Amino acid sequence: MMPELARLSLETDGDVELAHLAGEIDASNVADLTKRLLDAVSNKSRALVLDLTQTSYIDSSGISLIFDAAARMKNRRQQLRLVVSPKSFVSEVLAAVSMQDSVPIDPGLKEALRAVG
């Protein structure tokens, strides 16, 4: 069972999966989060939009989760997009590892959905 550090809620918008992640992502919960995220994306899905606007903390294991998910989705010819609040802690961490070079980052859900549109 996932610790209360992070809460994952999933919804579907047509052929796009939306995953909202609130709280903290770290080594204690990343394995469960990875499994739940990847299980949510079917072969019929065109994209996964990972909403991190309510994520307060992410460590290296969370960064690995995003890079791994991006690689798997690319292999399946599916898109991964992140939604991250500008100037947030998560935004700074993702900038430090040049995440935007691997995964598109949008400031809001509307922008992300428009981009996969």
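Residues numbered from 1 in each chain as written. Predicted model: local features only at pLDDT ≥ 70, side-chain atom pairs only at ≥ 80, totals over all residues. Heavy atoms only, no water.

1. Quick word on the environment of Arg 36
Okay, so step 1: As for its position among the elements, Arg 36 is in helix H1 (residues 30-40).
Okay, so step 2: Assessed through its relative accessible area of 31%, Arg 36 is described here as partly exposed. (Helix = DSSP H or I, 4+ residues; strand = E, 2+ residues; numbered from the N terminus. Buried < 20%, exposed > 50% of the residue type's maximum accessible area, 1.4 Å probe, protein only.)

2. Here we look at the nonpolar core
Okay, so step 1: Grouped together as the largest cluster of nonpolar side chains are 28 residues, with contacts concentrated most on Leu 21, Leu 50, Leu 52, Ile 66, Leu 80, Leu 82 and Leu 94.
Okay, so step 2: Among the elements that line this core, the one with the most residues is helix H2 (residues 60-75), at six residues.
Okay, so step 3: Residues contacting Leu 80, with those up to four places away along its chain left out, are Leu 48, Leu 50, Ile 66, Ala 69, Ala 70, Met 73, Val 103 and Pro 104.
Okay, so step 4: In this structure, Leu 18, Ala 47, Val 49 and Val 116 belong to the second largest nonpolar core, which totals seven residues. (Core = buried A, V, L, I, M, F, W, Y, C linked by side-chain atoms within 4.5 Å. Contact = heavy atoms within 4.5 Å.)

3. A look at the side chain of Asp 59
Okay, so step 1: Examined against the element boundaries, Asp 59 turns out to sit in the loop between strand E4 (55-58) and H2.
Okay, so step 2: Buried charge without a salt bridge: Asp 59, with Arg 7 as the nearest opposite-charge side chain at an N-O distance of 16 Å.
Okay, so step 3: In this structure Asp 59 touches Ile 25, Asp 26 and Ala 27, once residues within four positions along its chain are discounted. (Lys, Arg positive; Asp, Glu negative; His and termini not counted. Salt bridge = Lys/Arg side-chain N within 4 Å of Asp/Glu carboxyl O.)

4. Quick notes on the packing of aromatic side chains
Okay, so step 1: As enumerated under the stated definition, the model contains one aromatic pair in all.
Okay, so step 2: Taken together, a centroid distance of 5.6 Å and an interplanar angle of 10° make the contact between Tyr 57 and Phe 89 stacked. In this pair, Tyr 57 sits in strand E4 while Phe 89 sits in helix H3 (residues 89-96), placing the two residues 32 residues apart along the sequence.
Okay, so step 3: Taking the relative accessible area as the measure of exposure, Tyr 57 reaches 33% and is therefore partly exposed. (Phe/Tyr/Trp six-rings, centres within 6.5 Å; stacked < 30°, edge-to-face > 60°.)

5. Here we look at the pattern of salt bridges
Okay, so step 1: For the structure shown, the criterion picks out three salt bridges.
Okay, so step 2: The residue Lys 35 makes a salt bridge to Asp 39 at a minimum N-O spacing of 2.6 Å. Pair noted here: Lys 35 and Asp 39 are both in helix H1, with a separation of four residues, about one helical turn.
Okay, so step 3: On the basis of relative accessible area, Lys 35 is assigned to the exposed category, the value being 51%.
Okay, so step 4: Between Asp 106 and Arg 81 there is a salt bridge; the shortest N-O distance is 2.7 Å. Residue Asp 106 is located in strand E6 (residues 105-106), and its partner Arg 81 is located in strand E5 (residues 79-83); the two are separated by 25 residues in the primary sequence. In this pair, the class of Asp 106 matches that of Arg 81, namely buried.

Scope: geometric values only; no functional claims are made or implied.
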